[in-house]
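Coordinate inspection notes
One-letter residues, chain by chain:
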Amino acid sequence: MGIIERKRFRMTCRFPFAIMLYPFCKHRKKFRLYRNISTTPVRDGAMAARKDTHSRAGNYPYNISSQIFFKMLDYKDLIPCCTGMIQKEVAERIAAGPGSKTYGILSILIQAWYKVEYLFTVHEHVFNPPPKVKSAVIRMTRNETKELGCNERLFKLIVKTTFNQRRKTLRNSISSILEKGNPLSNDPVFNKRPEQLSVQEFIELTNRVETALKDKADIDCGNDIARKGATSQKE
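All values reported here derive from a predicted model rather than from experimental measurement. (Residues numbered from 1 in each chain as written. Predicted model: local features only at pLDDT ≥ 70, side-chain atom pairs only at ≥ 80, totals over all residues. Heavy atoms only, no water.)

**Examining the overall build of the protein**
When its secondary structure is counted, the protein shows eight helices and six strands. Reading the protein from its N end, one meets helices and strands in the order α-β-α-β-β-α-β-α-α-β-β-α-α-α. Scored against the burial criterion, the 235 residues of the protein give a buried share of 39%. Long-range contacts, defined as pairs at least 24 residues apart, comprise 62% of the intrachain contacts of the protein with a sequence gap of at least 6. Summing over all exposed atoms, the protein offers an accessible surface of approximately 14,300 Å²; the carbon and sulfur share of this is 51%. (Helix = DSSP H or I, 4+ residues; strand = E, 2+ residues; numbered from the N terminus. Buried < 20%, exposed > 50% of the residue type's maximum accessible area, 1.4 Å probe, protein only. Contact = heavy atoms within 4.5 Å. Areas by Shrake-Rupley, 256 points an atom, 1.4 Å probe, with all protein chains shown as cover.)

**Focus: the packing of aromatic side chains**
Summed over all chains, the structure comprises three aromatic pairs. Taking the centre distance of 5.3 Å and the plane angle of 75° together, the rings of Tyr 60 and Phe 69 count as edge-to-face. According to the relative accessible area criterion, Tyr 60 is buried, its value standing at 3%. An aromatic cluster of three or more residues is present, and its members are Tyr 103, Phe 163 and Phe 202. If you follow Lys 160 out to its NZ or CZ, it ends over the ring of Phe 70, 5.9 Å from the centre. (Phe/Tyr/Trp six-rings, centres within 6.5 Å; stacked < 30°, edge-to-face > 60°. Lys NZ or Arg CZ within 6 Å of the ring centre and 35° of its normal.)

**Describing the nonpolar core**
The biggest cluster of nonpolar side chains holds 46 residues, and the ones touching the most others in it are Phe 69, Ile 94, Ile 110, Met 140, Phe 155, Phe 202 and Val 209. Sorting the residues of this core by element identifies helix 3 (65–74), strand 4 (81–87), helix 4 (88–95), helix 5 (105–111), strand 5 (114–122), strand 6 (135–142), helix 6 (152–163) and helix 8 (199–234) as the ones contributing at least two each. Counting residues per element, this core draws most heavily on helix 8, which supplies six residues. Contacts of Val 209, omitting those with residues within four sequence positions, involve Leu 154, Ile 158, Ile 174, Ile 177, Leu 178 and Leu 184. (Core = buried A, V, L, I, M, F, W, Y, C linked by side-chain atoms within 4.5 Å.)

**Regarding the environment of Glu 210**
Tracing the backbone through its elements, the reader meets Glu 210 in helix 8. Considering only alpha carbons, one finds Glu 210 and Asn 151, 59 residues apart in sequence, at a separation of 7.9 Å. Not counting residues up to four positions away in its chain, the partners in contact with Glu 210 are Asn 151 and Leu 154.

**Observations concerning the side chain of Ser 66**
Along the polypeptide, Ser 66 turns up in helix 3. Aside from chain neighbours lying at most four places away, what touches Ser 66 is Val 90, Arg 93 and Leu 106.

**Quick notes on helix 6**
If you check helix 6, its first and last C-alpha atoms are 17 Å apart, about what 12 residues at 1.5 Å a residue would give, namely 16 Å. If you check which residues of helix 6 are buried, you get Leu 154, Phe 155, Ile 158, Val 159, Thr 161, Thr 162 and Phe 163. The N-cap residue of helix 6 is Asn 151: its side-chain oxygen and the backbone nitrogen of Arg 153 are 3.1 Å apart. (Expected span 1.5 Å × (residues − 1). Polar contact = N/O pair within 3.5 Å; in protein donor to acceptor, adjacent residues only side chain to side chain.)

**Here's the deal with the pairing of strand 3 (residues 55–59)**
Burial runs high along strand 3: four of the five residues are buried. Across four bridges, strand 3 lies against strand 4 in parallel orientation. The residue of strand 4 that forms the bridge with Asn 59 is Met 85. Running through helix 3, the crossover from strand 3 to the neighbouring parallel element strand 4 is right-handed. (Pairing = 2+ DSSP bridges. Right-handed = clockwise from strand over helix to strand, strands pointing away.)

**Some words on the pattern of salt bridges**
Scanning all chains against the criterion turns up six salt bridges. The salt bridge partner of Arg 142 is Asp 77, with a shortest N-O separation of 3.1 Å. On the criterion of sequence distance, the pair formed by Arg 142 in strand 6 and Asp 77 in the loop between helix 3 and strand 4 is long-range, its members being 65 residues apart. Judged by its relative accessible area of 60%, Asp 77 is exposed. Of the charged contacts in the structure, one is a salt bridge between Arg 208 and Asp 187, with a shortest N-O distance of 2.6 Å. One end of the pair, Arg 208, is in helix 8; the other, Asp 187, is in the loop between helix 7 (170–173) and helix 8, with 21 residues separating them in the sequence. Exposure remark for Asp 187: the relative accessible area of 22% places this residue in the partly exposed category. (Salt bridge = Lys/Arg side-chain N within 4 Å of Asp/Glu carboxyl O.)

**Here's the deal with helix 3**
Listed as buried for helix 3 are Ser 65, Ser 66, Ile 68, Phe 69, Met 72 and Leu 73. Down the axis of helix 3, the smallest arc covering the buried residues is 160°, so these residues share one side. (Arc of directions from axis to C-beta.)

**What about the environment of Thr 141?**
Inspection of the secondary structure puts Thr 141 in strand 6. Setting aside anything within four residues of it in sequence, one finds Thr 141 in contact with Pro 80, Cys 81, Trp 113, Tyr 114, Lys 115 and Glu 117.

Right under this line is the structure:
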């Protein structure tokens, strides 16, 4: 985590903290001396899961920070706050809003469950030796959302599928999930690109797509029954 003042931790820590450290961290024993702070070693670069509610703070490895935050979402009900330093470009993606070039999968999936605050930029010259990239400190605080109000698996699938072809309109990028011939694809919203939709609009889109897929399944099922009935009558 770098150099952290003991007094500052005592003043600002409102939740039990789990500090993620690598097993080989030489300062691990020093952290254990602090009261009200527990250390949770991170093995193989993955977030260590705990069963109690706790906040997380750390200097997250830049090469796996996205994976850490995706794993955090699996334990969102146990993590009310997550603060840390990450690569500036990743921090900007997490905090970005609709219409921004940096707005994407990470932005939507995290903002669906957390309030994101870009706190400040950390420049290269404060490190020795200086890295080749800028860093940033962000804070993610759990919002009041308990349920998205849609099929969460389909929500994730739609977000990831559309942003994997972010330069295309939704009508084209979502075609692997919703066929272009489906009546829903004629809606004006499908003329937009994914970065133009807010989190709430993606939730609404998910519900509409799920309904359209169910309707198609019902129609196909009805057609199959009708064909079988016609065949049996001929026999």
